[in-house]
Amino acid sequence: MTQKYRLATGGLIDRRVTVPFTFDGKAMTGHAGDTLASALLANGVHLVGRSFKYHRPRGIVSAGAEEPNALVGVGRDEGHYTPNLRATQVELYHGLRAESQNRTPSLERDVGSITDRLWRFFPAGFYYKTFMWPKGAWTKFFEPRIRAIAGLGRSPAAPDAARYAQIYAHCDVLVIGAGPAGLSAALAAAETGARVILCDEQPQFGGALLAEPGQSAWLAEQRARLAGFANITMLPRTIAFGYFPHNMIGLAQDLTDHQGETSDDAPRGRLWQVRAKQVITATGAIERPLVFPDNDRPGIMLADAARTYVERYAVKPGNRAVVFTAHDDAYRAAVSLHEAGVTIAAIVDLRESPEGPCLDAARAAGLPIRTHATIIGTEGNLRVAAVSVATIGAANAERIACDLVLMSGGFTPSVHLFSQSRGKLAFDPALDAFIPGTPAEPTIAAGAASGCQSLEAAIASGRAAGLSATGQAVAAPVAETVAAGFLGEVPHGRDPASVRAFVDFQNDVTAKDITLALAEGFRSIEHVKRYTTTGMATDQGKTSNMNALGIVSKSLGVPIPSIGTTTFRMPYTPIPFGYFAGYARGDLFEPVRETPIHAWAAEQGAVFEDVSLWKRARYFPRGAETMHEAVARECAAVRAGVGLFDASTLGKIEITGPDAAEFLNRMYVNAWTKLKPGRLRYGILLREDGFIIDDGVVGRIADDRFHVTTTTGGAARVLNMMEDYLQTEFTDLKVWLTSTTEQYAVIAVQGPRAREVIAPLVEDADISAAAMPHMSVVECRVAGVPARLFRVSFTGELGFEINVPADYGRAVWEAIDQAGQTHGIVPYGTETMHVLRAEKGYIIVGQETDGTATPDDVGLTWAIGKAKPDFVGKRALARTALASQTDRKQLVGLLTADPAEVLEEGAHLVADPAQPIPMTMLGHVTSSYWSAALNRSIALAMVRNGRARIGETLHVPLPGRSVAVTLTDPVFYDPEGARLDG
Amino acid sequence: MLVISCPYCGDRPEIEFSYGGEAHVVRAPASVTDEEWTAFLYQRSNARGSYAERWRHAHGCGRFFNARRNTVTDFFEQTYKIGEAPA
Ligand SMILES: [Zn+2]
């Protein structure tokens, strides 16, 4: 197809560069400097999409970010496919592949358009009214079908193959928008030496002036001046999408997207998080459509957009145009199109007697003008073919054939970012629009975004904003007379129930929908918006919100300022998720913590599990062993001989200082004063509300030094809690806290032969049973490495935990493994550790406890230092409500009637499994395993008044059956603790 | 993202900090009644407007400090060290 609507001269396109592209598979060409929309128009294509709800044929309406209709999917493959892009913002590149959306099988013949014939059955709120019955039909029947036909683009079927960059930046002044106001603001601020960032969504700076050939000299001069300032960072192709608190602005910068199908080595785009001392929003204004019957046919577009296609892109958007306006600016568009060879069949002006230089120019060009007139209907299926024009209030209409309709209801300042910053909007009655009022952040609006309409006023307001943002004196603003235009549904004299005059093109909301919502009693604009969905599409009502307000205002007889406006939310335009994910994908999604032993375990074929950010060896399968088989073997090896376990992930905190013991007294439930150096104690930490938050073994290394261990997941939380009390509550104590989690590797050697294995490796310490009893610690050397050697057991067997500097962890581990070979040493993982500790009834915080368990609930009252005057949680435990509660859940053991039955963790316990649902729950299973040592299943549970129920039988209801369980003491294995001494 | 002025380090972005709840809540002694203890443990003023609260420069100097923030505007009126009185 040739570019038969391309003008021979003019525009900012480069005719020497022909750019091939496809749209729905059809090959076409454009030129460098085109957008997809301008290239389509150059090829005579207006029909680019089907509407969301009614599947009406839709064309290009605008030339910018406000585009409601021309949404396309672009990309060479699924990994590079982006749906819902506005064709008006997509820069054309060689080989661009675009497809239209929401049509089956093609734009021209779309089966979904049946909904258009049935439009009377799809009124506002039809979801709420229609599909409420029968029960279940919505999710099973209606919703999938409605979703299939109502919609925008499709999601890409493959992960995003592009890379994305992210950057933080700071500046004195961020100027958003590089039109005449933004350019003037940036230059005025830069003159003071301020650090300025100037961003604009377009590939070139200039804003509206890019479509003003008469201003090209002024624009060139400003650009040359910009280049002279080293303190201005210029960011073209960069959309300011979000205004965050304390003047942080989110920018999305297109880096390679516009270059087309390039390598993925270079990032596609970059997310900027800019912290600005001052922000200047010079974001322009958006022209409003007029709301008239059938105003949505392809070929009906905004007047200023049509002028932009002529002046900037050298494209004739049609051959014969009717201009429908309530604002002088459309006359400029009419003259532009006329000079480009478009026949202006009529200018239809809603106003009674408009006058001014724009009208004079149109008259001088001989263009036919009809004032006090309106369009009461249009014709044409895939493209507008004619309009019916009538004098307002008159019955007779004149049919005027055309292939293009320009409309202008005036201009709405783009206050989106200002509104996002929580600045208060002010209604300007001269403009019939909201403009920025009282700001909430250090922000200034300039140019058309602040309500200016003339170039002189925009430049002056931009300069004033730049000066003001840098603390300079500001001249008085340039006086100008602004014009409002028209809001709401135009008069057309037809039965309002039988016409469709679209307000929100993207969500298919008509004037009738809004009046219906009002008739049904909705009053708040926020409710009308949600009920009708007006302004709720991806364009956030950029072209529709003011017309919706106008209809509400007229219908209710309430002035617009009393109705208020809806809230603008980020993003200003949709931004691909990749920008926000940035580098945090794949291996960089989340840090991975590996212990010093990790590589050894991996070499041995360990299967790992995630425990918070840690990778922990779960079991070490041999040959074709299943997890069950491996765990049974590992358990047996520890109980019968000796096992080796990597406990390096345990949290570790070194507490030092003259008041270290007193600090522990106040933090933990236990008594610490009398703990001698060289001894260990099992500590329990509560929150102030009396519930267990952490536990761990604490060693006293010296009078003023403790080695505290925490749970793997709780290390950071516990240190933060300790710092909190130390810094803010117990400020009288001289104590220092240091995290040593990453500094020590911890090697657990457990089993009756543990001492025999390590004894030959230990220097400078006597580890005999007499010299080193259970729960003691000694500083010594192990395999030649300085170590803190704990005699401690989480298995019930004789055991040691060897703390060595992390860098020596693997060497010491291998030395022990080597020394243990003659004793049959076996490495074991977390799964075996869990089984062994459950056999002993040792709790795991976070598994047996859930943030509502007291020490007594889990049978640990013995640990509490009762003589202490205070500790964190002590007062809460004494609360009457807690202390008097007789049916608290308590830790018990469970034995199933069938020893082969391993219960599900989380299963509930009831007294009578035959009782009606909902049953009375008495407790739940917290841990459940196969015990190799007992050759049967075991479980731990938290059961109401459980200790008093020991010996009773309860039931676990399961689908179709129930399992009987006997409550027992939670210590299943070696209840006397005889094995601790080997 | 807020800018928070650590009294030790200066202005830093919010992601460096963790929140610590209302400030100047005095930990009740063990001798108080159940009602007084419950009030200490659970009841906060949740002020609309100026609110004294604790922050920790968790990914910085690690220090806790106090702040007065306007909960309507999200702007800080001041930050000050633990033990200091608000200005
Ligand atoms: Zn700090």
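Just so it is clear, the model here is predicted, and its values are computed rather than measured.

Residues and elements named next belong to chain A. For chain A, the domain assignment lists domain 1 (1–158), domain 2 (162–288 + 411–486), domain 3 (290–408), domain 4 (487–569), domain 5 (646–824) and domain 6 (886–982). Look at where the C-alpha atoms of domain 3 and domain 4 centre, and you get two points 24 Å apart. Carbon and sulfur atoms make up 67% of the surface buried where domain 3 meets domain 4, a total of about 1,100 Å² over both sides. In this structure, the connection of domain 3 to domain 4 is made through zero salt bridges. Inspection of the domain 3/domain 4 interface yields five residue pairs in polar contact (both at pLDDT 80 or more). When residues of the side of domain 3 that touches domain 4 are assigned to their parent elements, the largest contribution, four residues, is made by strand β19 (residues 373–379). Its residues assigned to classes, the side of domain 3 that touches domain 4 shows 10 nonpolar, three polar and two charged.

On to the UniProt feature "domain: SoxA A3" (unreviewed entry) in chain A, then. Per the UniProt entry, the sites bearing "domain: SoxA A3" (unreviewed entry) are residues 500–582 of chain A in this numbering. When the span residues 500–582 of chain A is considered, its composition is 46% helix and 6% strand, and the gap between its end C-alpha atoms is 44 Å.

What follows covers the interface of chain A and chain B. Contacts between chain A and chain B engage 31 residues on the former and 26 residues on the latter. Ranking the residues of chain A by area buried against chain B places His246, Gln727 and Arg875 of chain A at the top, with a combined share of 30%. The interface formed by chain A and chain B holds four salt bridges in total. Our count for the chain A to chain B interface comes out at 17 residue pairs in polar contact (both at pLDDT 80 or more).

To continue, consider the confidence of the model for chain B. On average, residues of chain B score 95 in pLDDT, and 100% of them are at 70 or above. Listed scores for the predicted complex are pTM 0.91 and ipTM 0.98.

Bringing the pairing of strand β20 (residues 386–391) of chain A into the picture now. All names here are of chain A. Most of β20 is tucked away: five of the six residues are buried. Sheet topology places β19 next to β20; six bridges connect them, and they run antiparallel. Counted as the bridge partner of Thr378 is Val387 from β20. Between the end of β19 and the start of β20, which pair antiparallel, lie six residues, with Gly380 showing a positive phi angle near 115°. With four bridges joining them, β20 and strand β21 (residues 398–401) adopt antiparallel strand pairing. Its bridge partner lying in β21, Val387 is registered against Ile400. Where β20 folds back on β21, the antiparallel hairpin that results is connected by six residues, among which Gly393 adopts a positive phi of roughly 90°.

This paragraph deals with the packing of helix α5 (residues 180–190) of chain A against helix α11 (residues 455–469) of chain A. All names here are of chain A. Where α5 contacts α11, the axes come no closer than 7 Å and their chain directions differ by 30°. The angle between the axes of α5 and α11 places the two elements in the roughly parallel class. Considering how the two elements wind past one another, α5 and α11 form a crossing that is right-handed. Contact residues: α5 offers Pro180, Ala181, Ser184, Ala185, Ala188 and Ala189, while α11 offers Leu455, Ala458, Ile459, Gly462, Arg463, Gly466 and Leu467. By residue class, the composition of the contact of α5 with α11 is nine nonpolar, three polar and one charged.

Calculation criteria
- Residues numbered from 1 in each chain as written.
- Chains lettered and ligands numbered in written order.
- Predicted model: local features only at pLDDT ≥ 70, side-chain atom pairs only at ≥ 80, totals over all residues.
- Heavy atoms only, no water.
- Domains from an automatic or database assignment.
- Buried area = accessible area lost by both parts, 1.4 Å probe.
- Salt bridge = Lys/Arg side-chain N within 4 Å of Asp/Glu carboxyl O.
- Polar contact = N/O pair within 3.5 Å; in protein donor to acceptor, adjacent residues only side chain to side chain.
- Helix = DSSP H or I, 4+ residues; strand = E, 2+ residues; numbered from the N terminus.
- Nonpolar A, V, L, I, M, F, W, Y, C, P; charged D, E, K, R; others polar.
- UniProt positions renumbered as here; feature names shortened; annotations may be inferred.
- Contact = heavy atoms within 4.5 Å.
- pLDDT = per-residue confidence, 0-100.
- Buried < 20%, exposed > 50% of the residue type's maximum accessible area, 1.4 Å probe, protein only.
- Pairing = 2+ DSSP bridges.
- Axes fitted to C-alpha atoms, helices over the stretch in contact; angles between N-to-C directions.
- Parallel < 35°, antiparallel > 145°, perpendicular 65-115°, else oblique.
- Left-handed = near helix turned anticlockwise from the far one by under 90°.

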